[in-house]
Amino acid sequence: MRAKVQNLQISSSPLNSKTIPVALLLVSILFLSIVSGVLAAFGNVVLLIVLLALYGIVFVVAAPVAWTVWIIFGVVFLVSGPSAYFIRFTQLQWLTVLVSAALLLPLILHLLRDRKNVLYSSVSKDLLLPAFFLLIVIFSTLIDRPQFADFVNASRHYFLMWPLMLVFMFGLISEKVVERIWKALLIVAVIQFPMALYQYFFVSQKSTRLSPFDAVVGTFPGNISGGGDSAGMAILLLIAILIAIALWREKKLQGMWATVIILTGVSTLALAEVKLPVMLLPVVIGLYYRREILRRPVESITIVIAVIIIMSGILLMYEKLHYAGGSSSAFSTNRPPLTAYEHISRALDPDSESVQLGQKGRVSLVINWWEMNVKKGDIQHSLLGYGMGATHTSKIGTGELVDRFPYQINTTATVVLLWETGILGHLVFFLILLLGARASEQAAQHEAIPDIHRILLRVGSVGLLVLILMLPYKSVHLYSNPTQFLMMFMLGYAGYWTRFLKNNCLM
């Protein structure tokens, strides 16, 4: 019989939950109205921008946290990508991370209303690794000629999305709303297909770039005349396909909707040319159903074989859709690779290089880092790196390491973390994802948790493992806002249910 447990949501008195926020909102409106009049009289644009930031802070504090999270969700997955892709308006990416950072304010108020959460022993344990990682980032930056531009550039990569994880972990969002967010990911996944169709037929087919298929990114950030976040889109599609299959098998989703999600997801993967995520498709299904192979061997093996066939079919489609023109983007020095196998083998070749694109292969980049740091006995930079932003360049400034190399070195999260945070920072980041996946899987085994959340916890566990496998492939963990939202969402979701079980003495 399922144990009766208490919800982690904070129950506060009517005075705390209604009177104080209303009073705070009225006072804030009065204050900002006065300030608005003064700034309007001076006509200072900079001051008006500051005023807008103040309005944003007031909104985040006064409005329900769920509203703010939904706004971040909508901008991240549906607005910022197309605005950057079609009109090159990339500033919305800063909006999402700054609003996420502002969530610290309602989080602090939440913890102060229930002081036992501040002192509870599980808090320090749950947050130990993230706090340690951020300390490594700060320390490695301070000891290696820090630049203000580096801090500004890299702040959104390393710092500003973590409050989003804490909001989910500490239960500021109700379980029902969190469930809706999971299901909203399915809608976002379906929307990728019509966008990918347009981008494939009307953008990539007319492009003269060496790798025109990079233009297929759905609603994720990108550039209409260049590449984009196709890998981040592929991660979302893998997770959405898994959610659809898992919910359908447990009779939580109608077969028609599951079919639509799976077909559109697979079709989008075929249009986008994302080799590793496609190869991970059977891995994702196998990881989720690994415990059922002995209980339902025929059904489970049949599903895995079907997924392998689908994966092979997509890779064969790549040869017709993307490689028939002889793209040379896969680091070739002689003839262009014409098959998916040749693309993969050349990408893994330590000597591979693309002079036209100014890039080295992923394996080559790791070998170069090893030879220039560990092999030379540079202990500081091997263990702690050169500090955040060292490999990144933007309109604000250029990182310390960018001009030292004739090729791009921040193409994968592994290489970025090794150069900027060293072996220690990369190891801690890896452990955050690994232990988050473990916590999510363990929580999914407790019958005290509602059935649908147990299913989604298992999906979250596999999703975090996928992010681990993507570390040496792409830098989406740091540079992609949608992927960062997914990562923080799954980590916070695992943390919430882990605390739920600990607070009710079920672990």
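Residues numbered from 1 in each chain as written. Predicted model: local features only at pLDDT ≥ 70, side-chain atom pairs only at ≥ 80, totals over all residues. Heavy atoms only, no water.

Just give me the short version of the overall build of the protein, but keep the residues and values in it.
The helix and strand tally for the protein stands at 22 helices and two strands. Buried residues in the protein amount to 53% of all 507 residues. Counted over contacts in the protein with a minimum sequence separation of 6, partners at least 24 positions apart contribute 74%. A total accessible area of about 23200 Å² is found for the protein, and carbon and sulfur atoms account for 68% of it. (Helix = DSSP H or I, 4+ residues; strand = E, 2+ residues; numbered from the N terminus. Buried < 20%, exposed > 50% of the residue type's maximum accessible area, 1.4 Å probe, protein only. Contact = heavy atoms within 4.5 Å. Areas by Shrake-Rupley, 256 points an atom, 1.4 Å probe, with all protein chains shown as cover.)

Would you mind going over the side chain of N504 in detail, with residue names and values included?
If you trace the backbone, N504 turns up in the segment after α22 (481-503). Within the structure, the side chain of N504 is placed 2.7 Å from the backbone oxygen of F500, a separation counted as a polar contact. (Polar contact = N/O pair within 3.5 Å; in protein donor to acceptor, adjacent residues only side chain to side chain.)

So, the packing of aromatic side chains: which residues are in play, and what are the values?
The full count for this structure, using the stated rule, is 24 aromatic pairs. With a centroid separation of 4.8 Å and 75 degrees between ring planes, the pair formed by Y288 and Y289 is classed as edge-to-face. Here the two residues Y288 and Y289 agree in accessibility, since each one is buried. Each residue in the set W70, F73, F77, F168, W182, F220, F485, F489 and Y493 is aromatic and connected to the rest through ring pairs, giving one cluster. (Phe/Tyr/Trp six-rings, centres within 6.5 Å; stacked < 30°, edge-to-face > 60°.)

Describe the packing of helix α17 (residues 362-374) against helix α19 (residues 413-443), with residues and values.
Two numbers describe how α17 lies on α19: the axes approach to 10 Å, and their chain directions differ by 15 degrees. The orientation of α17 relative to α19 falls into the category roughly parallel. Our pair here, α17 against α19, has a crossing hand that is right-handed. In this structure, α17 uses L365, V366, W369, M372, N373 and V374 to contact α19, whose residues at the interface are T414, V415, L418, W419 and I423. (Axes fitted to C-alpha atoms, helices over the stretch in contact; angles between N-to-C directions. Parallel < 35°, antiparallel > 145°, perpendicular 65-115°, else oblique. Left-handed = near helix turned anticlockwise from the far one by under 90°.)

Hey, could you go over the nonpolar core for me, with residue numbers and the actual values?
V69, F77, Y158, W182 and F485 are the most contacted members of the largest nonpolar core, which has 124 residues in total. The dominant element in this core, judged by the number of residues it contributes, is helix α11 (residues 230-249), at 16 residues. Aside from chain neighbours lying at most four places away, what touches W182 is I239, I243, L456, V459, G460, F489, M490 and Y493. (Core = buried A, V, L, I, M, F, W, Y, C linked by side-chain atoms within 4.5 Å.)

So what's going on with α11? Which residues, and what values?
The end-to-end C-alpha separation of α11 is 29 Å, in line with the 28 Å expected for 20 residues at 1.5 Å each. Within α11, 19 of the 20 residues are buried, which leaves it mostly tucked inside the rest of the structure. Looking one or two residues beyond α11, the residue adopting positive phi is K251, at roughly 60 degrees. (Expected span 1.5 Å × (residues − 1).)

An account of the pattern of salt bridges is needed here, citing residue identities and associated values.
For the structure shown, the criterion picks out six salt bridges. The partner of K183 in a salt bridge is E179, with the nearest N and O atoms 3.1 Å apart. Of this pair, K183 and E179 are both found in helix α10 (residues 175-202), four residues apart, which corresponds to roughly one turn of the helix. Among the residues examined, K183 registers a relative accessible area of 36% and is labelled partly exposed. Classification of E179 by relative accessible area gives buried; the value is 10%. A salt bridge links R291 to E441, with the shortest nitrogen-to-oxygen separation between them at 3.1 Å. One end of the pair, R291, is in the loop between α14 (281-288) and α15 (297-321); the other, E441, is in helix α19, and 150 residues separate them in sequence. Accessibility expressed as a relative area gives 45% for R291, which makes it partly exposed. (Salt bridge = Lys/Arg side-chain N within 4 Å of Asp/Glu carboxyl O.)

Could you give an account of the side chain of S440, with specific residues and numbers?
If you trace the backbone, S440 turns up in helix α19. For S440, a relative accessible area of 1% gives the class buried. Residues contacting S440, with those up to four places away along its chain left out, are L457, G460, S461 and A494.

As far as function goes, none of this settles anything; it's purely spatial.
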